[in-house]
Amino acid sequence: MTPADELLRLAADLRAEARPGLTFMEVCGTHTMSIARYGLRELLPAGMRLVSGPGCPVCVTAMADLDRVVELARLPGVTLATFGDLIRVPASRTTLAAERAGGADVRVVYSPRDAVQIAADEPDRQVVFAGIGFETTAPTIAASLLEARARDLTNFSVLSMHKTMPLPLKALLELGETPISGFLLPGHVSVITGTACYEFLARDYGVAGVVAGFEPHDILRALLRLVRQAAPAIEIEYGRAVRPEGNVVAQRLLEQVFEPSDADWRGLGVIPGSGLALRPEYADADAALRFPVRLEPPLEPADCRCGEVLRGVTDPADCALFGVRCTPEDPVGACMVSSEGACAARYRYRGLDD
Amino acid sequence: MCLALPMRITAVDGVLATIASAGLEQRASLMLVPDARVGDYVLVHAGFAISVLDEAEAGETLDLLREIGAFAPDDGDEADDAG
């Protein structure tokens, strides 16, 4: 059976077995991209909805945090190292890309280890890594911070804006704005966390969850598992990568370097305990403490509905700005900038994914 | 942002591994998967291996990825490389 035949067979099973009116939420930007890219909505049973959730790390970063990153990048002597997703995201009054064009030293790195190497190569620069990402990414920042410390690189620090995944799902269910029959749970977050942290979804809210991989087959297989559950439960479809207990080494590293903190989510507001702050033992490498900056009040872009899109309440195409005043080339909101944002994914594959 | 690709370890030097996939070779840290060995398929995220894959399943996925064109050359824009 070719991969295409296999996809069609899975889609046929879904159509045969799904009861009407199901809405599933994917909470990982990479799932959002995969669903759009392979046109999976075309294959779904009539009436089944897939909505995006708060799973794109750049998109859920609050405006005040983006403003702080910009202010750090502007400081003399500071080299701001970041993943590429962040540099075009509009802060209140500018972007990192605009600041870079204006002379700020902003460097895109593939790995936080590359930022540590910059600190080693350029001892007269203060290298600040913009720590954005969920449980998948945070251990790589923790490991890099320890590497910098082992190499006595006192000019490396981290601005931790990391967030953790389970609590926003709880916040969404508590809000109750979107009827969610089940979650496609994030594959690479779950590689680290395992599945115990999601059990409350089924136990306390009666909502199912299946950890899914990122190939189109993975996503349809995970949907089929959600449809077939007799009682809500948490399952793993992505068994080739995800163990129920997660990556224990990475969990220990997270525990060693970070502690839970309150985090501000675009669209959801402050969720207590949903962020990761550096522990006091690592205060010397905490860029927020090392470089205190004064921030102007944040400004949200007028008419941007990114916050509602991130809660699954508003479809990207229902935003008046979508594709008119807001495009990946000239984005108004974060969800159109990041390659994994729901708006960017929908726009890039428009015609295939609507 | 949570993008991670399956790649095969071809050499190990301390905590660093040389990893390869589809003709692409790079270095990755094994700090998060200390039990990984030469020949293992690992998922690589932001320069770190984060999970050791079952070899048969990873091989199947790689075949699938090639067949559906997931390694198409139009995927290299800056926004896609974000870990």
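Residues numbered from 1 in each chain as written. Chains lettered and ligands numbered in written order. Predicted model: local features only at pLDDT ≥ 70, side-chain atom pairs only at ≥ 80, totals over all residues.

Can you break down helix H7 (residues 138–150) of chain A residue by residue, with the values?
Each full turn of the α-helix corresponds to 3.6 residues, which orients residues three or four apart in the same direction. Residue and element names in this part refer to chain A. The first and last C-alpha atoms of H7 sit 18 Å apart over 13 residues, in line with the 18 Å expected at 1.5 Å per residue. Of all the residues in H7, the buried ones are Ala 138, Pro 139, Thr 140, Ile 141, Ala 142, Ala 143, Ser 144, Leu 145 and Ala 148. Just downstream of H7 lies Asp 152, where phi reads positive at about 55 degrees. (Helix = DSSP H or I, 4+ residues; strand = E, 2+ residues; numbered from the N terminus. Expected span 1.5 Å × (residues − 1). Buried ≥ 20, exposed ≤ 12 C-beta atoms within 10 Å, placed from the backbone.)

Hey, could you go over helix H11 (residues 216–228) of chain A for me, with residue numbers and the actual values?
All names here are of chain A. For H11, with 13 residues, the first-to-last C-alpha span of 18 Å sits near the 18 Å given by 1.5 Å per residue. H11 sits mainly inside the fold: 10 of its 13 residues count as buried. Among all positions of H11, only Pro 216, Asp 218, Ile 219, Leu 220, Arg 221, Ala 222, Leu 223, Arg 225, Leu 226 and Val 227 are buried. Packed against the buried residues of H11 are helix H1 (3–17), strand S1 (23–26), helix H2 (29–37), strand S8 (182–185), strand S9 (208–211) and strand S10 (234–236). (Contact = placed C-beta atoms within 7 Å.)

Tell me about the interface of chain A and chain B, residues and numbers included.
Taken together, the contact pairs 36 residues of chain A with 29 residues of chain B. Mapped onto the side of chain A that touches chain B, the elements with two or more residues apiece are H2, helix H3 (57–60), helix H6 (112–121), H7, helix H9 (187–193) and helix H12 (248–257) of chain A. It is H9 of chain A that contributes the most residues to the side of chain A that touches chain B, 4 residues altogether. In terms of residue class, the side of chain A that touches chain B is built from 19 nonpolar, 12 polar and 5 charged. (Nonpolar A, V, L, I, M, F, W, Y, C, P; charged D, E, K, R; others polar.)

Just give me the short version of the packing of H6 of chain A against H7 of chain A, but keep the residues and values in it.
Helix-helix packing: each pair is described by the crossing angle between the helix axes and the interaxial distance. Residue and element names in this part refer to chain A. Closest axis-to-axis distance for the H6/H7 pair is 9 Å, and the angle between their directions is 20 degrees. Put simply, H6 runs roughly parallel to H7. Considering only the axes of H6 and H7, their crossing is right-handed. Taken together, the residues of H7 that come into contact with H6 (itself represented by Pro 112, Arg 113, Ala 115, Val 116 and Ala 119) are Thr 140, Ile 141, Ser 144, Glu 147 and Ala 148. When the residues that make up the contact of H6 with H7 are grouped by side-chain class, the tally is 6 nonpolar, 2 polar and 2 charged. (Axes fitted to C-alpha atoms, helices over the stretch in contact; angles between N-to-C directions. Parallel < 35°, antiparallel > 145°, perpendicular 65-115°, else oblique. Left-handed = near helix turned anticlockwise from the far one by under 90°.)

Got a sec to walk through the sheet that holds S1 of chain A? Specific residues and values, please.
Residues and elements named next belong to chain A. Pairing in this open sheet of 5 strands is parallel, and the strands run S2-S1-S8-S9-S10 from one edge to the other. Of all the strands in the sheet, the pair left with one neighbour each is strand S2 (49–52) and S10. On average, each strand axis in the sheet is tilted by 25 degrees relative to the strand beside it, whichever way the strands run. For S1 and S8, the ladder comprises 3 bridges, and the chain directions are parallel. Paired with Met 25 across the two strands is Phe 183, which belongs to S8. (Pairing = 2+ DSSP bridges.)

Go over the sheet that holds strand S5 (residues 126–131) of chain A, please, and point to the residues and values.
All names here are of chain A. Strand order in the open sheet formed by 4 strands is S4-S3-S5-S6, with parallel pairing between adjacent strands. Each edge of the open sheet is held by one strand with a lone partner, namely strand S4 (105–108) and strand S6 (156–160). Each strand axis lies, on average, 25 degrees off the axis of its neighbour in the sheet, ignoring direction. Relative to S6, S5 runs parallel, the two being bridged by 5 bridges. Each residue of the ladder has a partner; that of Val 127, found in S6, is Phe 156.

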